[in-house]
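# Summary of the model geometry
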Amino acid sequence: MFPIKDNVPTRSFPLMTVLLIAANVAVFVLYELPDFDHAVSRLAYHPCEVTRECPIVGEDWPLTAFTSMFMHADWLHLGGNMLFLWIFGNNVEDTMGKIRFLVFYFLAGFTATALQTFVTLGSQEGAETAIPNLGASGAVSGVLGAYLILLPTASVLTIVFYVLVPVPAFLFLGVWFIFQLWSGGLSLTVPEAGGGVAFFAHVGGFVFGLLTVRAFAQRERLRPVYR
């Protein structure tokens, strides 16, 4: 399923959502593309550094837990995360307000990293714990969890088997989350099946969004518009 847009308006321009997208694109284009290997070794997050089971590569993990949220493996990785952030982030920002949304976004990202680190260190060993983690998907997953609570009946225009279909948000996001759980479990039993995706970061961010969105929301959400 490939989302195109939703049917929920916003009260104001989603400044923080746009700035986050711009920052992610700028980091990829200006910092990663010129020397990808150097960028990853310098500012990506390595789980084994938390327990000092491996030498520090580049910056230490308290910094890379933050910087890795702005890094991506390729254009597809970047584009997918930014598309989801644009579609779902503007309404979450509209409900939370700009500063609250920014704080929420980064806390979701840190929570996602923490869960993925816990799972990685508990289930993997050796070189596998040193594989660099990077991407905004943990933080974006928090936005998805918040959106599900705020606007479960919104409609998400989605490409399904090359056909545009309006899908209820609770169904779209519910299927997405179940897939993350299933894929995460599969990656533990058959590690190569994970395809290098940090599924538990997605799960951690999403659950954080589900549980904390009410604490961050300060305005009534706008209702979906049906035509």
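Above this text is the structure in question.
Our next topic: the sheet that holds strand 1 (residues 2-6). Taken together, the three strands give an open sheet; going across it, the order is 1-2-3, and neighbouring strands pair in antiparallel fashion. Strands with a single pairing partner mark the edges of an open sheet, and in this sheet they are strand 1 and strand 3 (163-168). Between one strand and the next, the sheet's axes are offset by a mean angle of 30°, whatever the strand orientation. In terms of strand pairing, strand 2 (residues 155-160) meets strand 3 through six bridges, oriented antiparallel. In the strand pairing of strand 3, valine 160 is matched with valine 163. Along the sheet face, helix 7 (residues 169-189) touches strand 1, strand 2 and strand 3 and points at about 95° away from the line of strand 3.

Looking now at a nonpolar patch on the surface. A contiguous nonpolar surface patch, about 500 Å² in accessible area, is contributed by Leu63, Phe66, Ile99, Val103, Leu107 and Phe110. Contributing elements (two or more residues each) for the nonpolar patch: helix 3 (61-67) and helix 5 (98-123). Broken down by element, the residue count for the nonpolar patch peaks at four residues, all from helix 5. With respect to the element layout, leucine 107 can be found in helix 5.

Turning next to the nonpolar core. Counting residues in hydrophobic clusters, the biggest one holds 43 residues, and the most contacted among them are Leu85, Phe88, Tyr105 and Tyr147. Sorting the residues of this core by element identifies helix 1 (15-32), helix 4 (75-96), helix 5, helix 6 (137-150), helix 7 and helix 8 (199-216) as the ones contributing at least two each. Among residues more than four places away in sequence, those in contact with leucine 85 are Thr17, Leu20, Ile21, Asn90, Phe101, Tyr105, Val140 and Val143.

It is at 9 Å that the axes of helix 4 and helix 6 come closest, and there the two elements cross at 50°. One element, helix 4, and the other, helix 6, form an angle in the oblique class. The handedness of the crossing between helix 4 and helix 6 comes out as left-handed. Of helix 6, the residues touching helix 4 (which contributes Asn81, Phe84, Leu85, Phe88, Gly89, Asn91, Val92, Thr95 and Met96) are Ser137, Val140, Val143, Leu144, Ala146, Tyr147 and Leu150. Across the contact of helix 4 with helix 6, the residue classes break down as eleven nonpolar, five polar and no charged.

Attention now goes to the state of the cysteines. Across all of its chains, the model carries one disulfide by this definition. In this model cysteine 48 forms its disulfide with cysteine 54; the gap between the sulfur atoms is 1.9 Å. The sign of the 80° torsion about the S-S bond sets the cysteine 48-cysteine 54 disulfide as right-handed. Neither cysteine 48 nor cysteine 54 differs from the other in exposure class; each is buried.

Reading guide: rules and limits
Residues numbered from 1 in each chain as written. Predicted model: local features only at pLDDT ≥ 70, side-chain atom pairs only at ≥ 80, totals over all residues. Heavy atoms only, no water. Pairing = 2+ DSSP bridges. Helix = DSSP H or I, 4+ residues; strand = E, 2+ residues; numbered from the N terminus. Axes fitted to C-alpha atoms, helices over the stretch in contact; angles between N-to-C directions. Contact = heavy atoms within 4.5 Å. Patch = residues over 30% accessible without salt bridge, like charges linked within 9 Å, V, L, I, M, F, W, Y side chains within 5 Å. Areas by Shrake-Rupley, 256 points an atom, 1.4 Å probe, with all protein chains shown as cover. Salt bridge = Lys/Arg side-chain N within 4 Å of Asp/Glu carboxyl O. Core = buried A, V, L, I, M, F, W, Y, C linked by side-chain atoms within 4.5 Å. Buried < 20%, exposed > 50% of the residue type's maximum accessible area, 1.4 Å probe, protein only. Parallel < 35°, antiparallel > 145°, perpendicular 65-115°, else oblique. Left-handed = near helix turned anticlockwise from the far one by under 90°. Nonpolar A, V, L, I, M, F, W, Y, C, P; charged D, E, K, R; others polar. Disulfide = S-S within 2.5 Å.

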